[in-house]
Structures are given as C-alpha cells and as structure tokens.
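Listed here are the chains, written in short residue letters.
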Amino acid sequence: MKLDAHWMPFTANKTFKQDPILMESSSGMHVTTEAGQTMIDMTAGLWCTNLGHSRERVAKAMYESAKTLGYVSSFNLGHRASFELAERLTDLSPGNLNHVFFSNSGSEAIDTALKIAMAYHAAKGQSGRKMFIARERAYHGVNLGGTAVGGLVNNTRNFGRWGTVAHLPHTLDHANNAFSRGLPKIGAEKAQALADLIALHGAENIAAVMVEPIAGAGGVLPPPVGYLKELRKICDEHDILLIFDEVVTGFGRTGSFTASIEFDVVPDIYTSAKGLTSGAVPMGATFCKDFIYDAVVNSVEGIEFWHGYTYSAHPIACAAAIACLDIYEEESLFTRVNEGIGDYFEEALHSLNDLPHVIDIRNYGLLGAIEFQPQSDGLPMGSRVYKKAMEKGVMVRGAGDSIILSPPLIIERSHIDEFVEKTRLAAAEIA
Ligand SMILES: Cc1ncc(COP(=O)(O)O)c(C=O)c1O
C-alpha cells in the first residue's frame, strides 16, 4: 500500500510512513493494531471517546438514521432529531444557555462562537467590537479564527493571526503550584491581566474573551482557585462576552456536564464537540445565552446569521449524539468522576511522582498530565514516553515534555492500576 497519498494531520509524515502504526479495531478501553498489539487507551482517542470505543448502540443508531434519512440540509429545512438533541443539550447546560448551533468539529464550533460574538455586538449597534482576548498555551482548533486565538506557537508560525487578538498569560506556575491536586491554590490574580488588556485596547473594541476552563493541549492546566470567577467579573464590568471552549472539558470529563457547572462560572457562549458523539462521528456545537440569540435573531428580517455548514445538524450525527446522551445518562457518566474513580485516578497519577525526570503532575476529574524535565538533546520527553508506553501496551499522549491523560469515563480501577504499572516500566527504560 502506498502511504504517501494521505497527508496526515499533526503528524511527522516522513517518520510515520517509514514505520506506520495502523489500527485495526477498538473496543471499550482498548485499541488493537494490525500487528495484533492491544493497548489500553488512556487518551480516549483524542479526548473524545468518553463512552469507550465502538459502542454498539451508537453504531446502530447511526445505521438506522443512515437508512431512513441519510441527509437533509439544515438551511431552511429541519428534521426532528436536531431539535430533540438541541433541547436535551440545552436542558443540561447551565444558566440560560438555551440555544445551540451545530457544526462538525471543535474547530468549527470555535469559529462559530467567534462569529456569534461579533454578530451579537453588531446587532447591538457595536460593530466595532471585533477584537478577541485569548490566552497563552490555548488550543482552539485549527481554522483561521481558532488559529488566531490559539496560544501555541507551532500552530500559528507560518499562518499569522487573522483578526486582532491579545493574549492573557497562561496559568502554569511550577514555582508555586507544582504537584497540585485539583485546582492550584495560587494564581487567581493572573486574571487581572484582563483588566490591563482592556485598558490598553479599549472595551469598545473587544468582542469576547475566550478560554478553555482547563487548558488541554497546552498541558492540562487546571485554573487557579477563583481565576475563572475573576474573568467573569471583569467581562461583566465591560460588556465583554465570556466564551468557554469546552471541547475537551464537556461531557463529564470534570465530574459535571460542563466545567462551567463544575466551577460555577457561567459563560455567555460555550463550545463543544468530541464527547458529544463520543468520537463516533464528527459533530461540533456552540451554545449561547438567550440575550445573544434574541439580539441577533430579532435584529433583522430574513436570514439573521449568515453562517452554517452543509453538514450542520447532520441526521446521522444527531442520531449518534442522542444515543450517546442516553448512555451517558443511563450509566451516570456525567458525574461518575465524583464516585471514587476521580480520586483513584488522582492518587494513581501522583504516585508516579518518583519517576525519573518528573517535575510536575497536574489533574482534575479524568484529566491529567505528567511533566518531565526537558532533556539536553532537545527530543521532547512527551514523545519519548509515548513511544515507550506504546511498546508496553498503554496509549498516552505526548505534548511537549508532558504526557497527557484523558481516559474514557468508563475506566475502572484495574485499568488505572495497569496504566501505572506500564508507565513505570516505560519510564524506567528512558532513565
Ligand atoms: C480545547 C479544544 N478546542 C478545539 C479543538 C478542536 O477540535 P477539532 O479537532 O474537532 O476541530 C480541540 C481539539 O483537540 C480542543 O482541544
């Protein structure tokens, strides 16, 4: 088979194609390669297969939908499943986040959120508000809007930032918070940088602040206690919208349906994807409060928001998401983290603090990171541990000098024990 035809995303194509790892099947907590190696998946794919891999009920729902209504445009047409799904999702959402716009990925959900924020201000007669404030180390997907607000240099280096964006400092603080369990205690004052940026750029130019409640791809950075509430307060003082990117933190990852519920801070807009269909089929969603929807929808006659995708609210994706919601609810997965497994995961993760080169361990809910000292040869420790861990039969994710964990929410204690044992073996070979 020729491998060159497929230009793979976020992959070292030349290296991968010399020694490709091809997956053949997946089930529950495990993935199996064509070569017959089975690994325990501590990453839920890419933070998405929250219900575990290849759930039959979801597959059946998709099949039934594909047979019955394989496609319908969402432009001036509808189908029942999208309205049912929207109602269930907004019922689960906090505050009056009562409206949801469907897309096909986290990246699209992000760009949709940025556009909704600008459309809202325009509808209120403040079309000058087009600037965004985001944060260092943020990952908001790869479309042009998400690239602009992102805070990871490799993702912007060749592309620039389209639009006007300023960045808050990230909240990682090894000196004060290394090996914190849950939310770090120190650092709420970092939110004051938002007031400084507003003073510098003028509130009348700023549409919204966008942050991940827990930065994910930037290294799993739980927010310092009180930090998000402070951002909320400052946004309110200046009529600036607060957007939470919950693409990773939604759907039970933190112990609540969303991190905004978990941290008791309600944004004006939030984004979701991944866990929405548990990775079974692409889908993104952008939620907004009544006052935003009402302002935009009542601002003109005819089409109010010139935005949408051919596959917005695709019937197969809606069927998958509804089947997923049924499973999440029947298996009480949105809050399972709080029923002992979150504490067990935390304890297990921190028991690895004696691994060679470890400089920090962070966790919240079923999210975690182990950070290693950068090595003088420049090879990121994350990819070294990732490779060794795979050889031992455990899938983790490398991110810079960290490995990141976000296991399916169905994980059992025995899986966590297996992860600890195999990660120890892998790390010992790197020392
Ligand atoms: C916080 C966050 N936002 C947005 C995205 C983009 O999602 P997608 O890859 O589905 O476009 C990701 C993907 O990992 C993410 O972690």
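Residues numbered from 1 in each chain as written. Predicted model: local features only at pLDDT ≥ 70, side-chain atom pairs only at ≥ 80, totals over all residues.

Student: What is the right way to look at the overall build of the protein in this model?
Tutor: For the protein, the helix and strand inventory stands at 15 helices and 15 strands. What you see for the protein is a C-alpha radius of gyration of 21 Å, in line with the 22 Å of a compact globule of 431 residues. Its C-alpha atoms give the protein principal-axis dimensions of about 65 × 55 × 45 Å. The burial tally for the protein puts 50% of its 431 residues in the buried class. (Helix = DSSP H or I, 4+ residues; strand = E, 2+ residues; numbered from the N terminus. Rg over C-alpha atoms; globule rule 2.2 N^0.38 Å. Buried ≥ 20, exposed ≤ 12 C-beta atoms within 10 Å, placed from the backbone.)

Student: In this structure, what is going on with the sheet that holds strand β6 (residues 165–168)? I would like to understand it.
Tutor: Across a sheet, paired strands are connected by hydrogen bonds in the backbone, their directions being either parallel or antiparallel. One open sheet accounts for 7 strands, arranged β4-β10-β9-β8-β7-β5-β6; its pairing is mixed. Strands at the two margins of the open sheet, each flanked by one partner only, are β4 (99–103) and β6. Within this sheet the neighbouring strands show an average axis-to-axis angle of 20 degrees, counted without direction. With 4 bridges joining them, strand β9 (residues 269–272) and strand β10 (residues 284–288) adopt antiparallel strand pairing. Looking at the pairing, Tyr 270 lines up with Phe 287 of β10. Set on the sheet, helix α5 (residues 106–123) makes contact with β4, β5 (131–135), β7 (206–211), β8 (241–245), β9 and β10; between it and β10 the angle comes to about 25 degrees. (Pairing = 2+ DSSP bridges. Axes fitted to C-alpha atoms, helices over the stretch in contact; angles between N-to-C directions. Contact = placed C-beta atoms within 7 Å.)

Student: Just checking my understanding: could you explain the sheet that holds strand β2 (residues 30–33) for this structure?
Tutor: The sheet built from 4 strands is open, its strands ordered β1-β2-β3-β13 with mixed pairing. Single-partner strands in this sheet number two, and they are β1 (23–27) and β13 (394–395). Sheet topology note: the β2/strand β3 (residues 38–41) ladder contains 3 bridges and is antiparallel. Across the sheet, His 30 pairs through a bridge with Ile 40, a residue of β3.

Student: Would you take a moment to explain the site of the ligand for this structure?
Tutor: Residues in contact with the ligand amount to 15 residues; listed here are only the nearest, Ser 105, Gly 106, Ser 107, Gly 141 and Val 247. Along the lines of polarity and charge, the residues of the shell around the ligand split into 7 nonpolar, 6 polar and 2 charged. (Near = placed C-beta within 6 Å. Nonpolar A, V, L, I, M, F, W, Y, C, P; charged D, E, K, R; others polar.)

Student: What should I look at first to understand the nonpolar core in this one?
Tutor: Nonpolar side chains in soluble globular proteins tend to be buried together. Counting residues in each nonpolar core, the largest one holds 125 residues, and the members touching the most others are Ala 117, Val 209, Ile 243 and Ala 320. The leading source of residues in this core is helix α12 (residues 315–330), at 10 residues. Two domains each provide a minimum of three residues to this core, namely domain 1 (13–54 + 335–430) and domain 2 (60–330). Residues in contact with Ala 117, not counting those within four places in the same chain, are Ala 207, Ala 208, Leu 241, Ile 243 and Ile 269. (Core = buried A, V, L, I, M, F, W, Y, C linked by C-beta atoms within 7 Å. Domains from an automatic or database assignment.)

Student: Is there a simple way to think about the environment of Tyr 344 in this case?
Tutor: Residue placement: Tyr 344 occurs in helix α13 (residues 341–350). Separated by 59 residues in the primary sequence, Tyr 344 and Ala 285 place their C-alpha atoms 31 Å from one another. Setting aside its immediate chain neighbours within four residues, Tyr 344 contacts Arg 413 and Ile 416.

Student: Quick question: what am I supposed to make of the domain arrangement of the protein here?
Tutor: Many structure descriptions define interface size as the accessible area lost when the parts assemble. Domain assignment breaks the protein into domain 1 (13–54 + 335–430) and domain 2 (60–330). For domain 1 and domain 2, the distance between their C-alpha centroids amounts to 26 Å. Contacts between domain 1 and domain 2 engage 32 residues on the former and 27 residues on the latter. Contributions of two or more residues to the side of domain 1 that touches domain 2 are made by α2 (44–47), α13, β11 (358–364), β12 (367–372) and β15 (402–405). Counting residues per element, the side of domain 1 that touches domain 2 draws most heavily on β11, at 6 residues. Split by residue class, the side of domain 1 that touches domain 2 holds 13 nonpolar, 14 polar and 5 charged.

Student: Help me understand unusual backbone geometry in this model?
Tutor: If a residue is not glycine, its phi is most likely negative; likewise, a peptide bond is most likely trans. Residues other than glycine seldom take positive phi values, yet Ala 44 does so here, at roughly 50 degrees. A positive phi angle, near 50 degrees, is found at Ser 332, a position not held by glycine. On the secondary structure map, Ser 332 appears in the loop between α12 and α13.

Student: Which parts of the structure should I look at to understand the environment of Asp 290?
Tutor: The topology assignment puts Asp 290 in helix α11 (residues 290–297). Taking C-alpha positions, Asp 290 is 6.1 Å from Asn 96, a pair spaced 194 residues apart along the chain. Apart from the residues within four sequence positions on either side, Asp 290 is in contact with Asn 96 and Asn 98.

Student: Help me understand α5 in this model?
Tutor: An α-helix turns once per 3.6 residues; consequently, residues spaced three or four apart project the same way. The end-to-end C-alpha distance of α5, which contains 18 residues, comes to 25 Å, matching closely the 26 Å that a straight helix rising 1.5 Å per residue would cover. For α5, a buried count of 15 out of 18 residues is recorded, marking the element as mostly surrounded by other parts of the structure. Two residues or fewer past α5, Gly 125 is found with a positive phi of approximately 80 degrees. (Expected span 1.5 Å × (residues − 1).)

Student: Just checking my understanding: could you explain the packing of helix α14 (residues 381–392) against helix α15 (residues 413–430) for this structure?
Tutor: Helix-helix packing is described using two parameters, namely the angle between the two axes and the distance between the axes. Their axes nearest at 8 Å, the elements α14 and α15 cross at an angle of 125 degrees. Regarding the angle of α14 to α15, the classification is oblique. Considering how the two elements wind past one another, α14 and α15 form a crossing that is right-handed. Listed contacts from α15 to Arg 384, Val 385, Lys 388, Ala 389 and Lys 392 of α14 are Lys 422, Thr 423, Leu 425, Ala 426, Ala 427, Glu 429 and Ile 430. A class-by-class count of the residues in the contact of α14 with α15 yields 6 nonpolar, 1 polar and 5 charged. (Parallel < 35°, antiparallel > 145°, perpendicular 65-115°, else oblique. Left-handed = near helix turned anticlockwise from the far one by under 90°.)

Student: For this particular structure, what's the right way to read the pairing of β5?
Tutor: The two faces of a sheet get side chains in turn, since along a regular strand they alternate between them. For β5, the buried fraction is high: 5 of the 5 residues fall into the buried class. Neither face of β5 is exposed, since Met 131, Ile 133 and Arg 135 on one face and Phe 132 and Ala 134 on the opposite face are all buried. Here β5 runs beside β7; their pairing, made up of 3 bridges, is parallel. Bridge pairing links Ile 133 to Val 209 in β7. Once the chain exits β5 it traverses helix α6 (residues 144–149) before rejoining the sheet at β6, and the crossover so formed is right-handed. (Right-handed = clockwise from strand over helix to strand, strands pointing away.)

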